[in-house]
2 protein chains.
Amino acid sequence: MAEVNTTDKDAENVIRIMVATDNHLGYGEKDALRGDDSFIAFEEILQMAVDEDVDMILLGGDLFHDAVPSQNAMHKCIELLRRYTFGGKPVSLEILSDQSASFHNTINQSVNYEDPNLNIGIPVFSIHGNHDDPSGFGRLSSLDLLSTMGLVNYFGRWTDLTKVEISPVLIRKGESKMALYGLSHIHDARLARLFKDYQVIINGPNETDDEWFHLMVIHQNRADRGPKNYIPEEALPSFLHLVIWGHEHDCRIDPESNVLRDFYVSQPGSSVATSLSEGEAKKKHVGILEIYKTKFNLTPLPLQTVRPFIFDSVIIADWADRLNLSEGDASTKVYNFAKERVETMIERARELITGHPKQPTEPLIRLRLIYSEESHMFNTIRFSQMFVTRVANPADVVKFERLNKRMKSDKISVDKEAMQRAMEVDNTTRVEQLVDNYFEEAKAKNPLKLMHSKALAEMTYRLVEHRDTNSADNIFKYYNERAVDHLMETLPDDENIEDELAKFRLRFSADDILKALDASNRNRSATTSAIGTTPKEENGGDLTESSSRGGARGRG
Amino acid sequence: MAEVNTTDKDAENVIRIMVATDNHLGYGEKDALRGDDSFIAFEEILQMAVDEDVDMILLGGDLFHDAVPSQNAMHKCIELLRRYTFGGKPVSLEILSDQSASFHNTINQSVNYEDPNLNIGIPVFSIHGNHDDPSGFGRLSSLDLLSTMGLVNYFGRWTDLTKVEISPVLIRKGESKMALYGLSHIHDARLARLFKDYQVIINGPNETDDEWFHLMVIHQNRADRGPKNYIPEEALPSFLHLVIWGHEHDCRIDPESNVLRDFYVSQPGSSVATSLSEGEAKKKHVGILEIYKTKFNLTPLPLQTVRPFIFDSVIIADWADRLNLSEGDASTKVYNFAKERVETMIERARELITGHPKQPTEPLIRLRLIYSEESHMFNTIRFSQMFVTRVANPADVVKFERLNKRMKSDKISVDKEAMQRAMEVDNTTRVEQLVDNYFEEAKAKNPLKLMHSKALAEMTYRLVEHRDTNSADNIFKYYNERAVDHLMETLPDDENIEDELAKFRLRFSADDILKALDASNRNRSATTSAIGTTPKEENGGDLTESSSRGGARGRG
């Protein structure tokens, strides 16, 4: 990468940009301990932008965690943007392109710092991500609200999902000229198809001299999560100099060269951990991007207010000999081993305390125990109680995960977005396959873990008493569907799918199943009896049928 | 009232205020025809404020219809306030009181036009009403968001519900000095008690010369809806000159003198009809309040963009002879009479078309038919189909209402707020009484109207087959409770309570009842049988008990 030299660093000619993404404001806001984490980190970023005297802030999407943020999250965001980005500092970026075409839902069809009624010190530019995409009545993104208020310059919003045409915002500062390309989140499968069909058109500046710095910001899967479920870097045009990649939460902010396309990719990662996965435990950063003509520097700045998070993973089988698990009470031995391990992790978390007065210090701790013998497992709830006052996530410090094929082979992601947007996807059924596999495996080995014992009892009763031979099938099917629904609602990380299923199991009582079975019975025989046979075809649809629309994609 | 003379009308010394209230932004926003009504009227008000060159806008609460407005409603509100209230016009109001104490959730602890980063042309001052009061996570009012954005000066927010102390915002313009007292909505029963206990303290200005104009704005029940369910004007101190009364939707904007207290009360009324009641059909206005020293004028300005609304009410019995209802097909005679009547109303609605280009012209039409004989009724759904393309509310043009005691005596309000806040109230059970009365009356005369026939069939079956003598009681009780829940959720106007119950009846199927009965059975006998007896005490509580907290109050 052609670095900006110190001699180039002429304040009048170097565009200085604070780069950050996936702030997920409002994530876990109701958690007594962790509720402010997202806001604290975002405030630190804004404070850094002020301290670093940047010309602008560039956000890569998912500013908010929820498509409709709570009043609390929206209010805190407004407050922070008002406090840090307004003010008397003159903005020295000149917009050369048509502002009314570039920015979405503004009052004066202009960038906010040219609005005569607002005094903006540091303009914020943002695309939307998958979490703050337009939704609900009116199809508004929360960024539309911020744009209309004049708090954010919302750009890169597509208006036609059958053909995406991107024209850059053209920005000049002294001798440097930047063409800023934004592509707000589109479902990966859809976007991949558009790329394949040559329906993504990225227009360069009209002036095609070689003095433009071409910067693109997108919010998509970058990691390969199966065909059509990510955007290969190579899909982007080679005239770009740098791509800021949002959506992926692990910090890979140091620009990585794509040799095929001769550009760099920087993936800043999220500023708050929204799952207890390995990637989120990586040190979090934002960056200062300096652009001088076609050269750039990206200086990573570690965030000081991010809550310490230590992730560790152990395959118990690897320790079986050392822990002598083949003799005596293996469960207790693993328990003690885990306890010691967590203590060490808490110790290591102390090293992540930065001394920043706003950093929350109780750490996030996640020990993943990969087991192959059930006799090695222990009660994780009791285990967690030991750490209630010492960690920020006492409920799920330890997580057991079965050693299975998918762990040995390439990791298969549970696809959260695809679940939500199952309607749009036509190519995969990976989620349901995953759940199916899980059920098949678990059903064979440990059926009671799958279902509340009351449901099993009722199933037995029906089989015997009512000669209802469909009961078992129907109950399993119904349960299966509700489990998929639950996953679609809770969107667990691949790390957390088993946890979520465990929660679901606890919540899902025999009554839920019976209600459903009874309801379908009653439709047939309402006035004569509330219990009859359970006709297969009325029992709430078939998993294969109802879920064949699902697909797979990843990340937050 | 001491009027401002033309000679006083010195632009430098007269405070000119646009007065409006109960804009209910977002009311019915998903209705294809009526969805924009609230926004259109609010825009007209803002445009008038600009045209009238007022010094400020004073709103009396319920700017939004929903405590958590949709993104659409919030976005449109932001857009309108940004368009009409920002700009270069200098604001000539000087705030003499402590601004940080007066305004809630501001960035700079100042009135918005003194915020150095905003350019405000017409400051908006608002209290909150019962619809936009602080709620949900974070206990924020939507006005907090607007305040933090700098779009509204949110004042009169109490912070202690055991003692309310009001200090005025002191405002000077030239020779005129105004003390502006705000009291954001408090549940009437609570506020009435605070008044009774002398826990409402209204502080005058420190300077107690007689040159202050004392203006108060409140958002409470004004009409007598029973002891403690409204605030008598006399509760307010006599040093006030004028009270702007929000919350009541019928326009009584012309100041009415309260002789006991020697002040005037102006009730501007809502700018959008949120129910098809008589009061909402009154011509809607806002006002220009001019204050010169201790004199004032209030000039009503009719709103030009409000959708035409004609309300009419007929007691069928009064027409029985003229329509010769005792002979032949009375239902058809009433049908034809109603048809003619509605045609006349649609005709009359044409006279309400103002010619304003933004006024929606399809009228709201509500004909209330008060009946005493069921043979006089007809199918209102079929009736309404005649008017589908000609009125804005085709679903409910005609409403039958039973002539009963409560119509003959003083009108008893259904208390929407009290339902919502049943937790806070300890003194009345009027809602439930009303529902109880309704059920008792209806049960005796027309039980099928109360309940889906399937539920009755099932009840019969249980009585006979299972000798479950509690079934009838339990089903009625359960139904009753759900009906109360439904009313509490939908908060119908007293005009609409029967409509709502009819809707509830349609939606509430036998299955709902059976599910509930079964669920309680299953708790007892899950593994042995899904049907058993229905123990009374397990059947979801008792109406008298569960609802004794309810209270009564009124309006939007």
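Note that the coordinates shown come from a computational prediction; the quantities given were computed from them, not determined experimentally.

### Quick notes on the overall build of chain A
When you go through chain A residue by residue, the secondary structure sums to 17 helices and 18 strands. Evaluated residue by residue, chain A yields a buried proportion of 59% over its 556 residues. Put simply, of all contacts in chain A between residues at least 6 apart along the chain, 75% involve residues at least 24 apart. For chain A, the exposed area adds up to about 22,100 Å²; of that, 48% sits on carbon and sulfur atoms.

### Thoughts on empty space enclosed by the protein
Under the definition given, this model contains six cavities of 30 Å³ or more. Each pocket or cavity is described by its volume, and for the largest cavity that value is around 110 Å³. Classifying every residue of the lining of the largest cavity gives eight nonpolar, two polar and four charged. The volume enclosed by the second largest cavity comes to roughly 60 Å³. The wall of the second largest cavity is formed by A:Thr106, A:Ile107, A:Asn108, A:Ser110, A:Val111, A:Asn112, A:Asp115, A:Ser147, A:Gly150, A:Val152, A:Asn153 and B:Arg82. Taken together, the residues that form the lining of the second largest cavity break down as three nonpolar, seven polar and two charged.

### Considerations on the packing of helix H2 (residues 71-85) of chain A against helix H4 (residues 142-149) of chain A
Two numbers describe a pair of packed helices, the interaxial angle and the distance between the axes. All names here are of chain A. Across the interface, H2 lies against H4 with an axial gap of 12 Å and an inter-helix angle of 35 degrees. As for the relative orientation of H2 and H4, their crossing is right-handed in sense. Residues Met74, Cys77, Ile78 and Leu81 of H2 touch H4, and the partners they reach there are Ser142, Leu145, Leu146 and Met149. Here the residues of the contact of H2 with H4 sort into seven nonpolar, one polar and no charged.

### Focus: the pattern of salt bridges
Residue and element names in this part refer to chain A. Inspection of every chain in the model, using the stated rule, returns 48 salt bridges over all chains. Salt-bridge contacts for Arg222 lead to Glu233; the nearest nitrogen and oxygen are separated by 2.9 Å. Pair noted here: Arg222 is in the loop between strand E10 (212-219) and strand E11 (242-246) and Glu233 is in the loop between E10 and E11, with a separation of 11 residues, a long-range link. Across this residue pair, the class does not change: Arg222 and Glu233 are buried. Here Arg341 and Asp312 are joined by a salt bridge, their closest N and O atoms 2.8 Å apart. You can see Arg341 sitting in helix H7 (residues 330-350) and its partner Asp312 sitting in strand E16 (residues 309-315), a full 29 residues away along the chain. Take Arg341: its relative accessible area is 23%, and that puts it in the partly exposed class. Put simply, Arg222, Glu233, Arg252 and Glu256 are held in one network by salt bridges that share partners.

### What to know about the packing of aromatic side chains
Counted by the stated rule, this structure contains 24 aromatic pairs over all chains. A centroid spacing of 5.9 Å and a plane angle of 85 degrees characterise the contact between B:Tyr371 and B:Phe400, whose relative ring orientation is edge-to-face. Of this pair, B:Tyr371 sits in strand E17 (residues 364-371) while B:Phe400 sits in strand E18 (residues 398-402), and the two are 29 residues apart along the sequence. Summarising the burial analysis for this pair, B:Tyr371 and B:Phe400 share the class buried. Grouped by ring-pair contacts, the aromatic residues A:Tyr335, A:Tyr371, A:Phe378, A:Phe383, A:Phe387 and A:Phe400 constitute a single cluster. The lysine or arginine in question, A:Arg322, covers the ring of A:Trp319, its NZ or CZ lying 4.1 Å from the ring centre.

### Describing unusual backbone geometry
One non-glycine residue with positive phi stands out, namely A:Asn105, at about 60 degrees. By the secondary structure assignment, A:Asn105 is in the loop between helix H3 (99-102) and strand E4 (124-126). Even without a glycine there, the phi angle at B:Asp262 is positive, about 60 degrees. Looking at the element boundaries, B:Asp262 is found in the loop between strand E12 (252-258) and strand E13 (263-267).

### Digging into H7(A)
Because the α-helix completes a turn every 3.6 residues, residues three or four places apart line up on one side. Residues and elements named next belong to chain A. Given a rise of 1.5 Å per residue, 21 residues ought to cover 30 Å, and the 31 Å separating the end C-alpha atoms of H7 matches this to within 8%. For H7, the complete set of buried residues consists of Ala330, Ser331, Val334, Tyr335, Phe337, Ala338, Val342, Met345, Ile346 and Ala349. Two or three places before Ser331, at the opening of H7, Asp329 has a side-chain oxygen 3.2 Å from that residue's backbone nitrogen.

### Looking at the sheet that holds E11(A)
Residue and element names in this part refer to chain A. Spatially, seven strands are ordered E3-E7-E8-E10-E11-E13-E12 in an open sheet, and the strand pairing comes out mixed. Of all the strands in the sheet, the pair left with one neighbour each is strand E3 (94-95) and strand E12 (252-258). Here E12 runs beside strand E13 (residues 263-267); their pairing, made up of four bridges, is antiparallel. The residue of E13 that forms the bridge with Glu256 is Val265.

### Structural notes on the UniProt feature "active site" (unreviewed entry) in chain A
Residue and element names in this part refer to chain A. Residues annotated by UniProt as "active site" (unreviewed entry) correspond here to His131. Relative to the helices and strands, His131 resides in the loop between E4 and H4. Looking at His131, the relative accessible area reads 15%, which means it is buried.

### Re the pairing of E13(B)
Residue and element names in this part refer to chain B. Where burial is concerned, most of E13 is hidden: five out of the five residues are buried. Bridging between strand E11 (residues 242-246) and E13 involves three bridges; their strand directions are parallel. In the strand pairing of E13, Leu242 is matched with Tyr264. Two successive antiparallel strands, E12 and E13, enclose a turn made up of four residues, where Asp262 displays a positive phi of approximately 60 degrees.

### Notes on the side chain of B:Arg34
Tracing the chain through its elements places B:Arg34 in the loop between strand E1 (15-20) and helix H1 (37-51). For the buried B:Arg34, no salt bridge is present, and the opposite-charge side chain at shortest range is B:Asp31, 4.5 Å distant.

### Some points on the environment of B:Phe239
All names here are of chain B. Position of Phe239 among the secondary structure elements: in the loop between strand E10 (212-219) and E11. Given the relative accessible area of 33%, Phe239 is considered partly exposed. For the pair Phe239 and Phe263, spaced 24 residues apart in the sequence, the C-alpha separation amounts to 7.7 Å. Dropping the residues within four chain positions of it, Phe239 is found in contact with Tyr181, Ile202 and His214.

### As for the sheet that holds E12(B)
Residues and elements named next belong to chain B. A sheet is described by the order of its strands in space; here seven strands give the open sequence E3-E7-E8-E10-E11-E13-E12, paired in mixed fashion. Looking at which strands have only one partner, the edges of the open sheet turn out to be strand E3 (94-95) and E12. Pairing of E10 with E11, which is carried by five bridges, proceeds in the parallel orientation. By the bridge assignment for E11, His219 is matched with Gly246.

### Digging into the state of the cysteines
Here, disulfide denotes a covalent bond that connects the sulfur atoms of two cysteines. Per the counting criterion, the structure on display carries zero disulfides over all chains. Lacking any disulfide linkage, B:Cys77 is separated from the closest cysteine sulfur, that of A:Cys77, by 18 Å.

### Structural notes on the packing of helix H1 (residues 37-51) of chain A against H2(A)
Residue and element names in this part refer to chain A. Remark: H1 packs on H2, axes separated minimally by 10 Å, with the N-to-C direction vectors making an angle of 15 degrees. By the angle between their axes, H1 is roughly parallel relative to H2. Along this stretch, H1 crosses H2, giving a crossing that reads as right-handed. Contact residues: H1 offers Phe39, Phe42, Glu43, Leu46, Gln47 and Val50, while H2 offers Asn72, Ala73, Lys76, Leu80, Leu81, Tyr84 and Thr85. Within the contact of H1 with H2, the residues separate by chemical class into eight nonpolar, three polar and two charged.

Basis of the calculations
- Residues numbered from 1 in each chain as written.
- Chains lettered and ligands numbered in written order.
- Predicted model: local features only at pLDDT ≥ 70, side-chain atom pairs only at ≥ 80, totals over all residues.
- Heavy atoms only, no water.
- Helix = DSSP H or I, 4+ residues; strand = E, 2+ residues; numbered from the N terminus.
- Buried < 20%, exposed > 50% of the residue type's maximum accessible area, 1.4 Å probe, protein only.
- Contact = heavy atoms within 4.5 Å.
- Areas by Shrake-Rupley, 256 points an atom, 1.4 Å probe, with all protein chains shown as cover.
- 1 Å grid on protein atoms, 1.4 Å probe; cavity = no way out; pocket = protein on both sides within 12 Å on 5 of 7 lines; lining within 4 Å.
- Points joined across faces, edges and corners; volume = space filled by probe spheres on them.
- Nonpolar A, V, L, I, M, F, W, Y, C, P; charged D, E, K, R; others polar.
- Axes fitted to C-alpha atoms, helices over the stretch in contact; angles between N-to-C directions.
- Left-handed = near helix turned anticlockwise from the far one by under 90°.
- Salt bridge = Lys/Arg side-chain N within 4 Å of Asp/Glu carboxyl O.
- Phe/Tyr/Trp six-rings, centres within 6.5 Å; stacked < 30°, edge-to-face > 60°.
- Lys NZ or Arg CZ within 6 Å of the ring centre and 35° of its normal.
- Expected span 1.5 Å × (residues − 1).
- Polar contact = N/O pair within 3.5 Å; in protein donor to acceptor, adjacent residues only side chain to side chain.
- Pairing = 2+ DSSP bridges.
- UniProt positions renumbered as here; feature names shortened; annotations may be inferred.
- Lys, Arg positive; Asp, Glu negative; His and termini not counted.
- Disulfide = S-S within 2.5 Å.
- Parallel < 35°, antiparallel > 145°, perpendicular 65-115°, else oblique.

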